[in-house]
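# A structural walkthrough
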Amino acid sequence: MAALDILIPHYNDPKGLLLSLRSIRGQTWAGEKRIVVVDDGSAEDIQSEVKAIIEDHRSSDGDEPALHCEVVFNKINKGRPFTRNVLLDSIESRYVSWLDAGDEWYPKKLAAQFELLEVTEAAYNCRPTWITCNYDWRWSGGKTRQNHQRTEQDQHRALLMGSNLRAYLWTLLGSAESFKCVGYFDERLARMQDLDYFIRFISHGGIIRNIEGSHTFCVYHKSDVGRNADEIRACNALIYDKHRVIFNRYGENFKKMRLYNMDMLAARFAQNNEDSRKVRHYLWSAFKNRPLAFMKHVSKRGLSV
Amino acid sequence: MTERKISKHIVLVIRILNGRSGGAERIYCELANFLEESGYRVTCLHFDSQAGEPFYHLNSRIERINLFAKNSKWITRRAAVSKYLPNRLREQAIWDKENKFFVRQLRDYFALVKPDIAISILPPANTPCLLAAKGTAVKVIPCNHNVPEQDYNNPNRWGKTSLDRQLRLRSLDNAAAIHVLFPDFGDWFPRHLHARITAIPNYISPGIQRPDPNPLREKTILAVGRLVEVKNYLQLIRSWSLLANDFPDWKVKIFGIGPQLKEMKAEIGRLGLNGRVDLPGHLVDLSGEYAKASIFCHPALFEGFGLSPAEALFLETPVLIYSDCSGVNEFVTDGLNGLAVERGGPDDNLANGLRRLITNEELRCSLGANGPASVSGFTLEKYRARWIELIERVSS
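Bear in mind that the values here come from a model prediction, so they are computed numbers and not experimental data. (Residues numbered from 1 in each chain as written. Chains lettered and ligands numbered in written order. Predicted model: local features only at pLDDT ≥ 70, side-chain atom pairs only at ≥ 80, totals over all residues.)

### Some remarks on the overall build of chain B
- Along the backbone of chain B there are 15 helices and 13 strands.
- The C-alpha radius of gyration computed for chain B amounts to 23 Å, which stays within 12% of the reference 21 Å derived for 396 residues, consistent with globular compactness.
- Each principal axis of the C-alpha distribution contributes one length, and for chain B these read about 65 × 65 × 40 Å.
- A total of 396 residues make up chain B; the buried ones form 41% of that total.
- Contacts in chain B between residues far apart in sequence, at least 24 positions, make up 68% of those at least 6 positions apart. (Helix = DSSP H or I, 4+ residues; strand = E, 2+ residues; numbered from the N terminus. Rg over C-alpha atoms; globule rule 2.2 N^0.38 Å. Buried ≥ 20, exposed ≤ 12 C-beta atoms within 10 Å, placed from the backbone. Contact = placed C-beta atoms within 7 Å.)

Okay, here's the thing in structure tokens:
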């Protein structure tokens, strides 16, 4: 049995998958890895490409070792949370890490995370533990921005705020049980199922730790293009309802500010997809929730989100 | 891939959980663990002002959410000036300060998450839970872990206002089922609630094992419980003081910790019983102590379920109680597995009972031999089966 399962959902992005697999090959951590790719009903020609990429990585290439890769094909496109649940069911190894096709790990990510996980598991005994890491955001055609995960704080609150502890599954390493104990991803959440999953992890007594220092260990190739603003807002609304009692704990101002941020996020997606009607709709909704915060935003950045 | 099974969602509600080591908290955590193991989705909701962890283990597959947050300024200020308000408004202000946010949180959870069943433990959780579920589809089972008269009528237990006592009883109208520890306890409730009463007694922990081989009985009178007024251990010390000189090779051992420790030590000193009454504190596994003792004395005023006397009987130790002690007189029968003496009267009946047992080894042996059969119904398996049956009945 391998020591680590690396779980990758994939949909119509063979170049991205190739990028992700190369970054796995480049890891300095020498333990045995098992890679599971679940293709979520990609087009037939793309499925053939995926098969070829997997086959390539099953054999060694010069100095680069062969990877133990498995691939599963969903018959039809069922969405990211369903695909992640198929991946959850596929877990066999003691440890689990996630990577979305299209994102990359820097070479020392797994080595640094395993080092911390060993110490943390010993210190926190049986409590489920995830190790996250700092990461880069790389906007397509834009700049790279470093993001630091701050874990020494109220983690529920920090996740709901989403500014210095963000719920990105591909930053994580943890034991198989630490993921299984949370249960399945919520299949109603086409987007943002990571956030729901992280909040539930904390509610299951889980703790998140970050590697010390300011180094980043992975990169998220970020793009809003093709993502539906209404869908994002609806998923945020569902998360707000599901976890309302946790939002309530932090008071009315906190809740209003979160609702404002949800509208501003939806407005950003609409803007990046050039849907000016929806931009106006969500900006107006944000203004109604927190007029002062909105005016402050406008004074700094105008109506650009 | 196989179709994922959707489990029934059960919410367990308790007021304070973090760091509490009481019997109700133990039952709460064990109930949560076994329901999760039985395939239910389990969420534990509590309302702790202090951050922390539960004293008893909770499986990591169980979700645990602390609903606590500070009250609004209006509620806090109103409670602060409540002593200047007319009685009814004063009680409402106090009740709101203690409960209003808890009720609101539960109502939000029930309305938005829609669990199938909520099981609440102890009156400070029962009332808010029942009020919050009104108008939602959530079925609530409030659990009563003590004799109902004490939980619902005693002004010194739980919320101290008459409004709280009224709501405690009135809110039971919203219950889908009402849990009590013994069938007799159900008779106390208003007649229209009788059909909803279900008796599920507690159980003797599977950790209580008969030592192998059985040790010889020592000349020890054993008592086990929290050192609090309701356990009435001062009476045991006083009764023993009447006998101690007559039986110099016997001694009393009282295991437990609690707020009455200092007072008990002072009484032992005052009555010259140093060395004749031991207070060894808390011990996790008491099996050996039960099996070594010759007599188990439990002079409590009342009980919900007397776990320590039940454990003593399981290990063949005869039990001495007051006959009016609820929750113990359900399974200790005078002359069968112990002695049940009258409380009050001109004589010290507890001392008389002790003398009778000390001086008659044959009686002790015959009463002790009947012990295990008298508590054979209190097993973990039966407890689990009864809860599953109740949950399935209520949710169907």
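### A short note on the packing of helix α8 (residues 233-243) of chain B against helix α12 (residues 349-359) of chain B
Residues and elements named next belong to chain B.
- Running from amino to carboxyl end, α8 crosses α12 at an angle of 55 degrees, the nearest separation of the two axes being 9 Å. In terms of their interaxial angle, α8 and α12 are classed as oblique. Crossing handedness for the pair α8 and α12: right-handed. Of the residues in α12, those touching α8 at Q235, L236, S239, L242 and L243 are L350, A351, L354 and R355.
- Across the contact of α8 with α12, the residue classes tally to six nonpolar, two polar and one charged. (Axes fitted to C-alpha atoms, helices over the stretch in contact; angles between N-to-C directions. Parallel < 35°, antiparallel > 145°, perpendicular 65-115°, else oblique. Left-handed = near helix turned anticlockwise from the far one by under 90°. Nonpolar A, V, L, I, M, F, W, Y, C, P; charged D, E, K, R; others polar.)

### Some details on the nonpolar core
- In terms of nonpolar packing, the biggest core is built from 170 residues, with L12, V13 and A32 of chain B touching the most fellow members.
- The contact partners of A32 of chain B, leaving out residues within four places of it in the chain, are L12, V42, C44, L58 and I62 of chain B. (Core = buried A, V, L, I, M, F, W, Y, C linked by C-beta atoms within 7 Å.)

### Let's talk about the sheet that holds strand β11 (residues 295-298) of chain B
All names here are of chain B.
- Strand order in the open sheet formed by six strands is β10-β9-β8-β11-β12-β13, and the pairing between neighbours is parallel. If you trace the sheet from one side to the other, it starts and ends with β10 (277-281) and β13 (338-341), each paired once. Across this sheet, the average inter-strand angle for adjacent strands is 25 degrees, counted without regard to direction.
- Here three bridges tie β11 to strand β12 (residues 319-322), and the two strands are oriented parallel to one another. Across the sheet, the residue bridging to H298 is I321, located in β12. (Pairing = 2+ DSSP bridges.)

### Some points on the domain arrangement of chain A
Residue and element names in this part refer to chain A.
- Taken as a whole, chain A is organised into domain 1 (4-222) and domain 2 (229-301).
- Spacing between the C-alpha centres of domain 1 and domain 2 amounts to 27 Å.
- In this assembly, eleven residues from domain 1 lie in contact with twelve residues from domain 2.
- Among the secondary structure elements, those contributing two or more residues to the side of domain 1 that touches domain 2 are α5 (155-161) and α7 (193-203).
- Split into classes, the residues belonging to the side of domain 1 that touches domain 2 amount to six nonpolar, one polar and four charged. (Domains from an automatic or database assignment.)

### So, the interface of chain A and chain B
- Each partner contributes residues to the interface: chain A has 17 residues there, and chain B has 15 residues.
- Broken down by secondary-structure element, the contributors of at least two residues to the side of chain A that touches chain B are α3 (80-89), α7, α8 (229-242) and α9 (244-249) of chain A.
- Broken down by element, the residue count for the side of chain A that touches chain B peaks at five residues, all from α9 of chain A.
- Considering only residue class, the side of chain A that touches chain B consists of six nonpolar, five polar and six charged.

### Concerning the pairing of strand β3 (residues 68-73) of chain A
- Direction of pairing for strand β2 (residues 33-39) of chain A relative to β3 of chain A: parallel, over a ladder of six bridges. For D39 of chain A, the partnering residue across the bridge sits in β3 of chain A and is F73 of chain A.

### Comments concerning the sheet that holds strand β10 (residues 207-210) of chain A
All names here are of chain A.
- Within the open sheet, the seven strands sit side by side as β3-β2-β1-β4-β9-β6-β10. Their pairing is mixed. Each edge of the open sheet carries a strand with a single partner, namely β3 and β10. On average, each strand axis in the sheet is inclined to that of its neighbour by 25 degrees, with strand direction left out of account.
- The pairing of strand β4 (residues 95-98) with strand β9 (residues 173-175) spans three bridges and is antiparallel. Bridging across to β9, V96 finds its partner in G174.
- The sheet strands contacting helix α4 (residues 109-123) are β4, β6 (129-132), β9 and β10, and the helix crosses β6 at an angle near 150 degrees.

### Focus: α3 of chain A
- In terms of burial, α3 of chain A is largely enclosed, as seven of its ten residues are buried.
- Within α3 of chain A, burial applies to R80, P81, F82, T83, R84, N85 and L87 of chain A.

### Thoughts on the confidence of the model for chain B
- Here chain B shows a mean pLDDT of 93. Residues at 70 or above account for 98%.
- Here the prediction assigns the complex a pTM of 0.89, and the interface score ipTM is 0.90. (pLDDT = per-residue confidence, 0-100.)

### Considerations on the packing of α8 of chain A against helix α10 (residues 252-272) of chain A
All names here are of chain A.
- At a minimum axis distance of 8 Å, the contact between α8 and α10 shows a crossing angle of 160 degrees. Considering the angle they form, α8 stands roughly antiparallel to α10. Here α8 and α10 pass one another in a crossing that is right-handed. Residue-level contacts link A229, I232, R233 and N236 of α8 to M262, L265, A266, F269 and A270 of α10.
- For the contact of α8 with α10, the per-class residue count stands at seven nonpolar, one polar and one charged.

### What about the environment of P65 of chain A?
- Structurally, P65 of chain A can be placed in the loop between α2 (44-58) and β3.
- In this structure, the C-alpha to C-alpha distance between P65 of chain A and I6 of chain A, residues 59 residues apart in sequence, is 16 Å.

### Some remarks on α4 of chain A
- Helix length check: α4 of chain A, at 15 residues, gives a terminal C-alpha distance of 21 Å against a target of 21 Å (1.5 Å per residue), a fit within 8%.
- For α4 of chain A, the secondary structure elements touched by its buried residues are β4, β5 (104-105), β6, β9 and β11 (218-222) of chain A. (Expected span 1.5 Å × (residues − 1).)

### Here's the deal with the domain arrangement of chain B
All names here are of chain B.
- What the domain assignment lists for chain B is domain 1 (9-203 + 379-395) and domain 2 (220-374).
- Centre-to-centre, using C-alpha coordinates, domain 1 lies 32 Å away from domain 2.
- Counting residues at the interface gives ten residues for domain 1 and seven residues for domain 2.
- Partitioning the side of domain 1 that touches domain 2 into residue classes produces four nonpolar, five polar and one charged.

### A look at the environment of L261 of chain B
All names here are of chain B.
- In this structure, L261 sits in helix α9 (residues 261-270).
- Expressed as a C-alpha distance, the spacing of L261 and L227, which sit 34 residues apart in the sequence, is 6.1 Å.
- The residues touching L261, leaving out its near neighbours within four places in the chain, are L227 and L279.

### Considering the environment of I211 of chain A
All names here are of chain A.
- Position of I211 among the secondary structure elements: in the loop between β10 and β11.
- A sequence separation of 79 residues divides I211 from T132, and the C-alpha atoms of the two residues are 7.1 Å apart.
- Once you skip the residues sitting within four places of it in the chain, I211 turns out to touch A112, Q113, L116, I131, C133 and F217.

### Here we look at unusual backbone geometry
All names here are of chain B.
- With a phi close to 75 degrees, L122 is a non-glycine residue in the positive phi region.
- Tracing the backbone shows L122 in the loop between β4 (117-121) and α4 (123-133).
- For L122, a count of 23 C-beta atoms within 10 Å corresponds to the buried category.
- Unusually for a residue other than glycine, N232 sits at a positive phi of about 65 degrees.
- Tracing the sequence through the fold places N232 in the loop between β8 (220-224) and α8.

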